[in-house]
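Each chain, letter by letter, is given below.
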Amino acid sequence: MATKSASSTTAQQDGAAAVKKTELRKPVFVKVDSLKPGTNGHTLTVKVVTAETVLNKKPRNPTFRGAQNQNTKIAECLVGDDTGTILFTARNDQVEMMKPGNTVVLRNAKIDMFKGSMRLAVDKWGRIEVAEPEKFVVKEDNNLSLVEYELVNVVEEA
């Protein structure tokens, strides 16, 4: 019996080592002014400055069940921190969380390009959480969504 308990103890230690290896990594919070076009996986804490509903559409065929039978809501929200602001595209359930004055944590956010300007978005793999109010003042004069980008193809000569 002593050999069984010794082998089970080592198995538990190996299991504990495996758990330590697969621990979640700590999120790295970034500031708005460090966002670049075409990037993703951002985690940031921002305040909602304004929120404007752009689309509130009823389903086309209410006899269907499922995702196609739900209302579609899209809102453009100006969000920012102490380094700048950017437009955030909120979809469906996200619209209710994005009330002006709220402080939210955006996890796994990505930068979408829309008509040459950057928009912040959180898709189904990301998460939005309403957080405790932060003490920072939003720097509204540095709006990254007003910067227009142009895609340039570089041809290499051989």
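Here is a short report on the structure shown in this document. (Residues numbered from 1 in each chain as written. Predicted model: local features only at pLDDT ≥ 70, side-chain atom pairs only at ≥ 80, totals over all residues. Heavy atoms only, no water.)

Let's talk about a nonpolar patch on the surface
Residues Met113, Val147 and Tyr149 make up a contiguous nonpolar surface patch of about 240 Å² in total accessible area. With respect to the helices and strands, Tyr149 occurs in the segment after β6 (127-131). (Patch = residues over 30% accessible without salt bridge, like charges linked within 9 Å, V, L, I, M, F, W, Y side chains within 5 Å. Areas by Shrake-Rupley, 256 points an atom, 1.4 Å probe, with all protein chains shown as cover. Salt bridge = Lys/Arg side-chain N within 4 Å of Asp/Glu carboxyl O. Helix = DSSP H or I, 4+ residues; strand = E, 2+ residues; numbered from the N terminus.)

Considering the packing of aromatic side chains
In the structure shown here, the tally under the stated rule is 0 aromatic pairs. The cationic tip of Lys47 hangs over the ring face of Phe136; the distance from NZ or CZ to the ring centre is 5.2 Å. (Phe/Tyr/Trp six-rings, centres within 6.5 Å; stacked < 30°, edge-to-face > 60°. Lys NZ or Arg CZ within 6 Å of the ring centre and 35° of its normal.)

Focus: the layout of surface pockets
Space inside the largest pocket adds up to approximately 220 Å³. Among the residues making up the lining of the largest pocket, the classes are represented as 2 nonpolar, 2 polar and 3 charged. (1 Å grid on protein atoms, 1.4 Å probe; cavity = no way out; pocket = protein on both sides within 12 Å on 5 of 7 lines; lining within 4 Å. Points joined across faces, edges and corners; volume = space filled by probe spheres on them. Nonpolar A, V, L, I, M, F, W, Y, C, P; charged D, E, K, R; others polar.)

With respect to the pairing of strand β1 (residues 40-57)
Residues in a regular strand project their side chains so that they alternate between the two faces of the sheet. Looking at chain direction, β1 and strand β4 (residues 103-114) are connected through 6 bridges and run antiparallel. When the sheet's bridge partners are listed, Asn40 is paired in β4 with Lys110. (Pairing = 2+ DSSP bridges.)

Points about the side chain of Thr103
Here Thr103 lies in strand β4. Take Thr103: its relative accessible area is 3%, and that puts it in the buried class. In this structure the side chain of Thr103 is engaged in a polar contact, spanning 3.4 Å, whose partner is the backbone nitrogen of Glu134. The residues touching Thr103, leaving out its near neighbours within four places in the chain, are Thr45, Val46, Lys47, Glu129, Val130, Ala131, Glu132, Pro133 and Glu134. (Buried < 20%, exposed > 50% of the residue type's maximum accessible area, 1.4 Å probe, protein only. Polar contact = N/O pair within 3.5 Å; in protein donor to acceptor, adjacent residues only side chain to side chain. Contact = heavy atoms within 4.5 Å.)

Considerations on the pattern of salt bridges
Using the criterion set out here, one finds 7 salt bridges in the structure. Glu96 is the salt-bridge partner of Lys73, the closest N and O atoms lying 2.8 Å from each other. Residue Lys73 is found in strand β2 (residues 72-81), and its partner Glu96 is found in helix α2 (residues 94-97); the two are separated by 23 residues along the sequence. A salt bridge links Glu129 to Arg107; the shortest N-O distance between them is 3.4 Å. Of the two residues, Glu129 sits in strand β6 while Arg107 sits in strand β4, which places them 22 residues apart along the sequence. Its relative accessible area of 25% is what places Glu129 among the partly exposed residues.

Regarding the nonpolar core
Core analysis: the largest hydrophobic core is formed by 22 residues, its most contacted members being Val79, Ile86, Phe88, Met98, Leu106 and Leu120. Secondary-structure elements contributing two or more residues to this core are β1, β2, β3 (84-91), β4 and β5 (117-121). Element by element, the count of residues in this core is highest for β4, at 4 residues. Ignoring any residue separated from it by four or fewer positions in sequence, one finds Val79 in contact with Val46, Lys47, Val48, Val49, Gly84, Thr85, Ile86, Phe88, Met98 and Leu120. (Core = buried A, V, L, I, M, F, W, Y, C linked by side-chain atoms within 4.5 Å.)

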